[in-house]
Amino acid sequence: MELKQPNSMGECVYYTDRDVGNGGSVRAWVLKENCPKCGKALMGKPRNPKTGKPKLRSEEYQCPECGYTVPKQEYEETLTVNIQYTCPHCKHQDQTTTPFKRKKVQRLNEETQKKQSIDAITFTCSKCNQELFITKKMK
Ligand SMILES: [Zn+2]
Ligand SMILES: [Zn+2]
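For clarity, every value in this text was computed on a predicted model and none was experimentally measured.

Rules of the game
Residues numbered from 1 in each chain as written. Chains lettered and ligands numbered in written order. Predicted model: local features only at pLDDT ≥ 70, side-chain atom pairs only at ≥ 80, totals over all residues. Pairing = 2+ DSSP bridges. Helix = DSSP H or I, 4+ residues; strand = E, 2+ residues; numbered from the N terminus. Axes fitted to C-alpha atoms, helices over the stretch in contact; angles between N-to-C directions. Core = buried A, V, L, I, M, F, W, Y, C linked by C-beta atoms within 7 Å. Buried ≥ 20, exposed ≤ 12 C-beta atoms within 10 Å, placed from the backbone. pLDDT = per-residue confidence, 0-100. Contact = placed C-beta atoms within 7 Å.

### Some thoughts on the sheet that holds strand S6 (residues 93-99)
Then, in step 1: Read across the sheet, four strands follow the order S1-S2-S5-S6 without closing on themselves; strand pairing throughout is antiparallel. Among the strands making up the open sheet, the edge pair consists of strand S1 (12-21) and S6. For this sheet the average axis-to-axis angle between neighbouring strands, irrespective of direction, equals 15°.
Then, in step 2: Bridge count between S1 and strand S2 (residues 24-31): eight bridges; the pairing is antiparallel. The residue bridging Arg18 from the neighbouring strand is Val26, located in S2.

See the structure below:
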């Protein structure tokens, strides 16, 4: 299986390249997909009609051709995350895809040493079957 690589950040709804500790790393990206209604253009954030700039904080995606609009979460859940990883548990390197859906996972916050519930995309290492997480960046 060959993953579809993005040509530019503009083609991605989501992109991350990070070190996950213990020698593991994850690079993951989600490519924009064509409008499900007209199929003529990539769905994107609606643009401000005055400035022409995308409204990045918008909770919706819109087709620039036909104006079809979908709520952000509903649209994102139809997309696929492409993942290249080095497993932090067994050092296996592989690639996989998973639906772009976040779920709550329990994780130890290294600063406070308390467990916290955070949103993450999860996938399983093809070799050791450990579940791996791509968490939202903590700020
Ligand atoms: Zn359209
Ligand atoms: Zn593994």
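### Observations concerning the nonpolar core
Then, in step 1: By size, the foremost hydrophobic cluster in this structure holds 14 residues, and its most contacted members are Val26, Ala28, Val81, Ile83, Tyr85 and Leu132.
Then, in step 2: Elements supplying a minimum of two residues to this core: S2, strand S5 (80-86), strand S8 (114-124) and strand S9 (131-135).
Then, in step 3: Among the elements that line this core, the one with the most residues is S2, at four residues.

### Thoughts on the pairing of S9
Then, in step 1: With burial as the criterion, only one face of S9 is covered, namely that bearing Leu132 and Ile134; the residues Glu131, Phe133 and Thr135 on the opposite face remain uncovered.
Then, in step 2: Summarising the sheet, S8 and S9 pair through five bridges and their orientation is antiparallel. Within S9, the residue paired with Thr122 across the bridge is Phe133.
Then, in step 3: From the end of S8 to the start of S9, which pair antiparallel, there are six residues, and Asn129 there has a positive phi angle of about 60°.

### Here's the deal with the sheet that holds S8
In any sheet, the strands associate via hydrogen bonds between backbone groups, in a parallel or an antiparallel arrangement.
Then, in step 1: Taken in spatial order, the three strands line up as S7-S8-S9 in an open sheet, and their pairing is antiparallel. If you trace the sheet from one side to the other, it starts and ends with strand S7 (103-109) and S9, each paired once. On average, each strand axis in the sheet is inclined to that of its neighbour by 60°, with strand direction left out of account.

### A look at the pairing of S8
Then, in step 1: Two strands pair when backbone bridges link them, and S7 and S8 are joined in this way by seven bridges, in the antiparallel orientation. Pairing of Val105 across the sheet is with Ile118, part of S8.
Then, in step 2: In this structure, the hairpin formed by S7 and S8 is closed by a connection of four residues, where Gln113 is found at a positive phi of approximately 60°.

### A closer look at the confidence of the model for the protein chain
Then, in step 1: Put simply, the protein chain has an average pLDDT of 92, and 97% of its residues get 70 or more.
Then, in step 2: Considering each helix and strand of the protein chain separately, the mean pLDDT is smallest for S7, with a value of 87, and largest for S5, with 97.

### Description of the environment of Val20
Then, in step 1: As for its placement among the helices and strands, Val20 is situated in strand S1.
Then, in step 2: Residues Val20 and Gln116, 96 residues apart in the sequence, show an inter-C-alpha distance of 17 Å.
Then, in step 3: If we skip the residues at most four places from it in the chain, Val20 touches Ser25, Val26 and Pro88.

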